Amino acid sequence: MTTRLFRMAALTLLFAISTSGVAAEKYTLRLAQTWGPNAPVLGETTENLAQMVKEMSDGRLRIRIDSSNKHKAPFGIFDLVRNGQYDMGHTASYYYKGTIPNAMYFTTIPFGMIAPEMYAWFYHDEGMELMQKVYEPFGLLSFPGGNTGNQMGGWFNKEINSVDDLKGLKIRTPGFAGEVMSELGAAVTNLPPGELYTALERGTVDAVEWVGPALDFPMGFHQIAKYYYSGWQEPGAEVQFLINQKSWEELPEDLQAILRVAMRTAAYDMYIQITHESGAAWDRMKENYPDVTHKTFPPDVIDAMRDATSKLLAEAAEEDDLAKEIINSQHDYLKQVRQWTNISDKAYLNSIAND
């Protein structure tokens, strides 16, 4: 079923629910997002959510969005929602690994699941249940909020030819990937989106990992760094909708149902949109900026990254029982589902590689 047909069906069903004798009390949820105003794709996802909720509830439920320029805390969404300053948030769970380390596994893990596999784990295996075990003690609910697909490895101002080239490299990369790069000797920092271009331009960092062509091209990184590396670190990065549990419980059941459907649809729409936008942006980049050089990391560098990832995951599982449960669940599910990915999508792409 296409996105349009799915949305029309959801609208028809949930409008019927919302008009079946339920009192017409109106609710407004305040949403804080990590992204700045007019952020492509990411910002459009929350606008898409708000529009769907408004339509499906016949105006009974509205979402008011505040971007990072308003609340001034791009990496503070977790606290803003937990403390009740906002009812909802749109952010990425790995930004909060310092406060809740187990949250980062629900964004992505290096060498882990790609987007379709990640969604299958969330909705048809243990993903949602385990995610709620992490967030419940904080009075929060977390829902998948859109996937970027396989992210690029970043923009570098010099080639990476060996593991030694990573030592002392100043790079912006968040989450578990940042820990891996630190393990290999890089100087890792995490900067909010609005500071990335200036940091790269001024030499505060030597490399920036953001997302992929859809979001990288508008940021202008290609004007500074010419080496654009394919990724290893975020094979299917999922952002999230955070909801304060008290705010959720104040909603009637039909509005909770509407919000669930709208979040799931907005997340799917983001994944499809970013696939389209990245293809279009990369095409423009190749045509207009021929100096940009696409690279892949050498095999010995990839091997070192994979070994460091395995080491750090093993250490995390040893230190925390819930981390072990999440890591094992993802590992076991990936082992199962990747067999299908290998004989379907991967086999197809490999078989037409010369086309």
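Above this text sits the structure in question.
None of the values given here were measured: they were computed from a predicted structure.

Engineer: Any chance you could explain the overall build of the protein here in plain terms?
Structural biologist: Helix and strand counts for the protein stand at 13 helices and 11 strands. Rg of the C-alpha trace for the protein: 21 Å, near the compact-globule value of 20 Å for 355 residues, within the 12% margin. Over its C-alpha atoms, taken along the principal directions, the protein stretches across nearly 65 × 50 × 45 Å. Out of the 355 residues belonging to the protein, those deemed buried represent 52%. For the protein, the proportion of contacts with a sequence separation of at least 24, taken over those separated by at least 6, is 78%. When the accessible surface of the protein is split by element, carbon and sulfur atoms take 50% of a total near 16,300 Å². Computed over 31 positive and 46 negative side-chain charges, the separation of the two mean positions in the protein equals 5 Å.

Engineer: Quick question: what am I supposed to make of the packing of aromatic side chains here?
Structural biologist: Any two aromatic rings considered together are summarised by their centre-to-centre distance and by the angle between their planes. Within the structure shown, the criterion is met by 17 aromatic pairs. Taken together, Phe75, Phe78, Tyr94, Tyr95, Tyr96 and Phe138 form an aromatic cluster joined through their ring pairs. Note that Arg30 overlies the ring of Tyr86, its terminal NZ or CZ placed 4.2 Å from the centroid. The ring of Tyr123 has Arg264 sitting right over it, with the charged end atom 3.8 Å from the ring centre.

Engineer: Help me understand the pairing of strand S10 (residues 238-244) in this model?
Structural biologist: Two faces belong to every sheet, and in a regular strand the side chains alternate between them. Of all 7 residues in S10, 7 are buried; the element is thus mostly enclosed. Neither face of S10 is left uncovered, since the one carrying Glu238, Gln240, Leu242 and Asn244 and the one carrying Val239, Phe241 and Ile243 both have all their residues buried. Bridging between strand S3 (residues 88-91) and S10 involves 4 bridges; their strand directions are antiparallel. The partner of Met88 across the bridge, within S10, is Ile243. In terms of strand pairing, strand S4 (residues 140-147) meets S10 through 6 bridges, oriented antiparallel. Note that in S10 the partner of Leu141 across the bridge is Ile243.

Engineer: Explanation requested: the sheet that holds strand S9 (residues 227-229) in the structure shown.
Structural biologist: Within a sheet, each strand pairs with its neighbour through backbone hydrogen bonds, oriented either parallel or antiparallel. Read across the sheet, 6 strands follow the order S7-S6-S8-S5-S9-S11 without closing on themselves; strand pairing throughout is mixed. Here the strands that pair on one side only, and so sit at the sheet edges, are strand S7 (187-189) and strand S11 (293-295).

Engineer: Looking at this structure, how should I read the nonpolar core?
Structural biologist: Soluble globular proteins tend to pack their nonpolar side chains together in the buried interior. Ranked by size, the top nonpolar core spans 83 residues in total, and within it Tyr105, Trp121, Tyr135, Trp210, Phe297 and Met305 carry the most contacts. Ranked by residues supplied to this core, first place goes to helix H12 (residues 299-319) with 9 residues. Setting aside its immediate chain neighbours within four residues, Met305 contacts Phe111, Leu166, Val180, Met181, Leu184, Trp232 and Phe297.

Engineer: I tried to follow the sheet that holds strand S2 (residues 61-66) on my own but got confused; where do I start?
Structural biologist: Across the sheet, 5 strands lie side by side as S2-S1-S3-S10-S4; this open sheet has mixed pairing. Lying at the two open borders of the sheet, with one neighbouring strand each, are S2 and S4. With strand direction ignored, the average angle separating the axes of adjacent strands in the sheet is 25°. Strands strand S1 (27-33), S2, S3, S4 and S10 of the sheet are contacted by helix H2 (residues 42-56), whose axis makes an angle of about 160° with S2. Contacts from helix H11 (residues 253-288) reach S1, S2, S3, S4 and S10 within the one sheet, and its direction differs from that of S4 by about 30°.

Engineer: For this particular structure, what's the right way to read a negative patch on the surface?
Structural biologist: A contiguous patch of negative charge on the surface is contributed by Asp125, Glu126, Glu129 and Asp332. Turning to its location among the elements, Asp332 is positioned in helix H13 (residues 321-351).

Engineer: What's the story with the pattern of salt bridges in this structure? I'm lost.
Structural biologist: Side chains that differ in charge, positive against negative, can pair when their charged atoms come close. In this structure the tally under the stated criterion is 12 salt bridges. The partner of Asp79 in a salt bridge is Arg82, and the shortest N-O contact between them spans 2.6 Å. One end of the pair, Asp79, and the other, Arg82, are both in helix H4 (residues 77-82), 3 residues apart, so they sit about a helical turn from each other. When the shortest N-O distance is used, the salt bridge between Glu315 and Lys311 registers 2.8 Å. In this pair, Glu315 and Lys311 both sit in helix H12, 4 residues apart, roughly one turn of the helix. Note on Lys311: relative accessible area 38%, which makes it partly exposed.

Engineer: How should unusual backbone geometry be read in this particular structure?
Structural biologist: The general pattern is negative phi for most residues beyond glycine and trans for most peptide bonds. Its identity as a non-glycine residue notwithstanding, Val41 has a phi of 65°, on the positive side. With respect to the secondary-structure elements, Val41 resides in the loop between S1 and H2. Relative accessible area serves as the criterion here: at 2%, Val41 is assigned to the buried category. Residue Asp58 is not a glycine yet carries a positive backbone phi of 55°.

What counts and what doesn't
- Residues numbered from 1 in each chain as written.
- Predicted model: local features only at pLDDT ≥ 70, side-chain atom pairs only at ≥ 80, totals over all residues.
- Heavy atoms only, no water.
- Helix = DSSP H or I, 4+ residues; strand = E, 2+ residues; numbered from the N terminus.
- Rg over C-alpha atoms; globule rule 2.2 N^0.38 Å.
- Buried < 20%, exposed > 50% of the residue type's maximum accessible area, 1.4 Å probe, protein only.
- Contact = heavy atoms within 4.5 Å.
- Areas by Shrake-Rupley, 256 points an atom, 1.4 Å probe, with all protein chains shown as cover.
- Lys, Arg positive; Asp, Glu negative; His and termini not counted.
- Charge placed at Lys NZ, Arg CZ, Asp CG, Glu CD.
- Phe/Tyr/Trp six-rings, centres within 6.5 Å; stacked < 30°, edge-to-face > 60°.
- Lys NZ or Arg CZ within 6 Å of the ring centre and 35° of its normal.
- Pairing = 2+ DSSP bridges.
- Core = buried A, V, L, I, M, F, W, Y, C linked by side-chain atoms within 4.5 Å.
- Axes fitted to C-alpha atoms, helices over the stretch in contact; angles between N-to-C directions.
- Patch = residues over 30% accessible without salt bridge, like charges linked within 9 Å, V, L, I, M, F, W, Y side chains within 5 Å.
- Salt bridge = Lys/Arg side-chain N within 4 Å of Asp/Glu carboxyl O.

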